[in-house]
Amino acid sequence: MRTMGLSLGLVLLCLLCTGAEDLGAVELDMSKIAGKWYITAMATDSESYLQKKDQLKMAMTSIEVLGDGDLNVSFAIPTPGQCMRLVSIYKPTGVLGQYYSSDRGYKTAQVVDTDGKTYAVVFATRVKDGKTLHALRLYSKTREVSPRMAVLFRKLARQRSFTNDMIVMLPTQDECSLDEV
Ligand SMILES: *[C@@H]1O[C@H](CO)[C@@H](O)[C@H](O)[C@H]1NC(C)=O
């Protein structure tokens, strides 16, 4: 009886996830997301990003879990001509693995898959000019993305309705990192 209650609980928990593929988020231990990551691939429906797709390069992010469960997230994003360094505080939304920030417009980020060590796949939204833009990002511990990882990322992107021409594997760069912050 007790085991039945337990599995029922797990089933119910699972119904709360946003999809069968999001099981990773349920068991998420945020301390495993902490640390430095390379943003090695991206899928986006933002026209302005897609227009400069060929100029986009690998970005870096560093995530710190604060005492109250908020995330302190630093980014180093190479854009043509400059290295943009940003810090945002993300707060839990109440959905497992999902966070929001309203520092520079309303944004959400949700970890949808991770092995807790080498990669994490993050689904992000942001509101721009009254429109909600969506992106899926691959966070990797190393600059190299294994072919297996690339296949997994493309599969997760397609499941979220991103087409192949919305997916960018980002080339490495040396000019813009978090280290000088
Ligand atoms: C967030 O991280 C940045 C960069 O490491 C740091 O300067 C800032 O003080 C941190 N903010 C909080 C609230 O911990």
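Small disclaimer: the values here were computed from a predicted structure and weren't measured.

**Some thoughts on the pairing of strand β5 (residues 98-101)**
So, step 1. Here two bridges tie strand β4 (residues 82-92) to β5, and the two strands are oriented antiparallel to one another. Each bridged residue has a counterpart across the sheet, and for proline 92 the counterpart in β5 is tyrosine 99.
So, step 2. Between β4 and β5, which follow one another and run antiparallel, lie five residues, and glycine 94 among them has a positive phi close to 105°.
So, step 3. Taken together, β5 and the strand that follows it, strand β6 (residues 107-114), pair antiparallel across an intervening segment of five residues, in which glycine 105 is found at a positive phi of about 85°.

**Some remarks on the site of the ligand**
So, step 1. Near the ligand, the surroundings consist of Leu66, Asn72, Ser74, Val87 and Ile89.
So, step 2. Note that an oxygen atom of the ligand is positioned 2.4 Å from one of the side-chain N or O atoms of asparagine 72.
So, step 3. In the complex, the protein chains occlude 40% of the 360 Å² of accessible area that the ligand would expose alone.
So, step 4. When residues of the shell around the ligand are traced back to their parent elements, those giving at least two are β3 (71-79) and β4.
So, step 5. Class assignment for the residues of the shell around the ligand results in three nonpolar, two polar and no charged.

**A look at the confidence of the model for the protein chain**
So, step 1. Within the protein chain, residue pLDDT values average 86, and 83% of them lie at 70 or more.
So, step 2. Low pLDDT, under 50, characterises residues 5-26; the stretch is placed with 16 contacts to residues that sit more than four places away or in other chains.

**Looking at the packing of aromatic side chains**
So, step 1. By the definition in use, this model includes two aromatic pairs.
So, step 2. Seen from their ring centres, tryptophan 37 and tyrosine 139 are 6.4 Å apart, and the 45° between their planes marks the pair as tilted. Of this pair, tryptophan 37 sits in strand β1 (residues 35-44) while tyrosine 139 sits in strand β8 (residues 131-140), placing them 102 residues apart in sequence.
So, step 3. Classification of tyrosine 139 by relative accessible area gives buried; the value is 5%.
So, step 4. When the ring of tyrosine 100 is compared with that of tyrosine 106, the centres are 5.9 Å apart and the planes differ by 25°; the resulting orientation is stacked.
So, step 5. Overall, tyrosine 100 belongs to the partly exposed group, its relative accessible area being 26%.
So, step 6. A cation over a ring is seen here: lysine 52 above tyrosine 49, with NZ or CZ 5.1 Å from the ring centre.
So, step 7. Here arginine 160 stacks its cationic end above the ring of phenylalanine 123, 4.6 Å away from the centre of that ring.

**Digging into the pattern of salt bridges**
So, step 1. Taken as a whole, this structure holds two salt bridges when the rule is applied.
So, step 2. In this structure, the salt-bridge partner of lysine 91 is aspartate 70, at a minimum N-O distance of 2.8 Å. Remark: aspartate 70 occurs in the loop between β2 (59-65) and β3 and lysine 91 occurs in strand β4; sequence separation between them is 21 residues.
So, step 3. Owing to a relative accessible area of 35%, lysine 91 belongs among the partly exposed residues under this scheme.
So, step 4. Given a relative accessible area of 7%, aspartate 70 falls into the buried group.

Each value, and the rule that gives it
- In this numbering scheme, every chain counts its residues from 1 along its sequence in written order.
- Local features in this predicted model are restricted to residues whose pLDDT is 70 or higher, and side-chain atom pairs enter the listing and the counts only when it is 80 or higher, whereas totals over whole chains, interfaces and linings include all residues.
- As a convention, hydrogens and water are excluded, and side-chain values are obtained from all of the structure's heavy atoms.
- Strand pairing requires that DSSP identify at least two bridges connecting the strands.
- Numbering of helices and strands runs from the N terminus, with a helix taken as a DSSP run of H or I at least four residues long and a strand as a DSSP run of E at least two residues long.
- The nearness test applies per residue and asks whether one of its heavy atoms lies within 4 Å of the molecule or strand.
- By the criterion applied in these results, polar contacts are pairs of N or O atoms within 3.5 Å in which, for protein atoms, one can donate a hydrogen and the other can accept it, and in which residues neighboring in sequence qualify only through two side-chain atoms.
- Residue exposure ignores everything except the shown protein chains as possible cover, and the areas themselves are Shrake-Rupley values with a 1.4 Å probe.
- Side-chain classes follow a simple rule in which Ala, Val, Leu, Ile, Met, Phe, Trp, Tyr, Cys and Pro form the nonpolar group, Asp, Glu, Lys and Arg form the charged group, and the remainder, Gly included, forms the polar group.
- A score from 0 to 100, pLDDT tells how confident the predictor is in each residue.
- Whether two residues are in contact is decided by their heavy atoms: any pair within 4.5 Å suffices.
- Any Phe, Tyr or Trp ring, taking Trp's six-membered ring, that has another such ring centre within 6.5 Å forms a pair; planes under 30 degrees apart are called stacked, those over 60 apart edge-to-face, and the others tilted.
- Note on classification: 1.4 Å probe, protein chains only; a residue is buried when its accessible area is under 20% of the maximum for its type, exposed when over 50%, partly exposed between these limits.
- For a ring to carry a charge above it, either NZ of a lysine or CZ of an arginine must fall within 6 Å of the ring centroid while also lying within 35 degrees of the normal to the ring plane.
- Salt bridge criterion: a side-chain nitrogen from Lys or Arg within 4 Å of a carboxyl oxygen from Asp or Glu.

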